[in-house]
Amino acid sequence: MNVLNKIFLILVIIGAINWGLIGLFQYDLVAAIFGGMASVMSRIIYTLVGIAGLYCISMLFYRTSDHEVVSEH
């Protein structure tokens, strides 16, 4: 896994944790850290997480070798 993939995966994990907190406790951690949902930094984080999520869709189709396709286990 290259560095870019790891960065995107970390962003997706941050987004998943944030959504879990919102769903369970109605607490938006990103907004709490960066000054509200409308702050510029929060919007940047939300945008990066969204882009990372879209990029990670392509990871579903990566080949692990020339003869093997990643599949669900």
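Residues numbered from 1 in each chain as written. Predicted model: local features only at pLDDT ≥ 70, side-chain atom pairs only at ≥ 80, totals over all residues. Heavy atoms only, no water.

1. Re the overall build of the chain
The condition is simple: Numbering of helices and strands runs from the N terminus, with a helix taken as a DSSP run of H or I at least four residues long and a strand as a DSSP run of E at least two residues long. Note on classification: 1.4 Å probe, protein chains only; a residue is buried when its accessible area is under 20% of the maximum for its type, exposed when over 50%, partly exposed between these limits. Contacts: residue pairs with any heavy atoms within 4.5 Å of one another.
When helices and strands are counted, the chain shows 3 helices and 0 strands. Counting helices and strands in the order they occur from the N terminus, the chain gives α-α-α. Expressed as a percentage of the 73 residues in the chain, the buried residues total 21%. Counting only contacts in the chain whose residues sit at least 6 apart along the sequence, the fraction spanning at least 24 positions is 39%.

2. Thoughts on the nonpolar core
Put simply, the rule reads: We define the nonpolar core as a collection of buried residues of types Ala, Val, Leu, Ile, Met, Phe, Trp, Tyr and Cys that are connected through side-chain atoms lying within 4.5 Å of one another.
Among the nonpolar cores identified, the biggest contains 8 residues, and these are Phe8, Leu11, Val30, Ile45, Val49, Ala52, Cys56 and Met59. Elements represented by at least two residues in this core include exactly helix 1 (3-25) and helix 3 (40-59). Counting residues per element, this core draws most heavily on helix 3, which supplies 5 residues. Residues in contact with Val30, not counting those within four places in the same chain, are Asn18, Ser42, Ile45 and Tyr46.

3. A short note on the side chain of Ser42
Secondary-structure assignment places Ser42 in helix 3. Residues in contact with Ser42, not counting those within four places in the same chain, are Val30, Ala31, Phe34, Gly36 and Met37.

4. Observations concerning unusual backbone geometry
Look at Gln26: it is not a glycine, yet its phi comes out positive at around 50°. For Gln26, a relative accessible area of 75% puts it in the exposed group.

5. A word on the packing of aromatic side chains
Inclusion rule: A pair of Phe, Tyr and Trp rings is counted when the ring centres sit within 6.5 Å of each other, with Trp represented by its six-membered ring. The angle between the planes then sorts it: under 30 degrees is stacked, over 60 is edge-to-face, the rest tilted.
All told, the structure shown has 1 aromatic pair when counted by the stated rule. Ring geometry for Phe8 versus Tyr55: centroids 4.4 Å apart, planes at 35°, classification tilted. Here Tyr55 lies in helix 3 and Phe8 lies in helix 1, a separation of 47 residues in the sequence. The class for Tyr55 is partly exposed, based on a relative accessible area of 24%.

6. A closer look at helix 1
Quick note on the threshold: Multiply 1.5 Å by the residue count of a helix minus one, and that product is the helix's expected span. Here a polar contact is recorded for every N or O atom pair within 3.5 Å, except that within protein the pair must consist of a potential hydrogen donor and a potential acceptor, and residues adjacent in sequence are included only if both atoms are side-chain atoms.
The terminal C-alpha atoms of helix 1, which comprises 23 residues, lie 33 Å apart, in line with the 33 Å expected from a rise of 1.5 Å per residue. Its buried side turned inward, helix 1 meets helix 2 (29-34) and helix 3. Of the residues that open helix 1, the one with a side-chain oxygen 3.2 Å from the backbone nitrogen of Leu4 is Asn2. Positive backbone phi, at 50°, marks Gln26, one or two positions downstream of helix 1.

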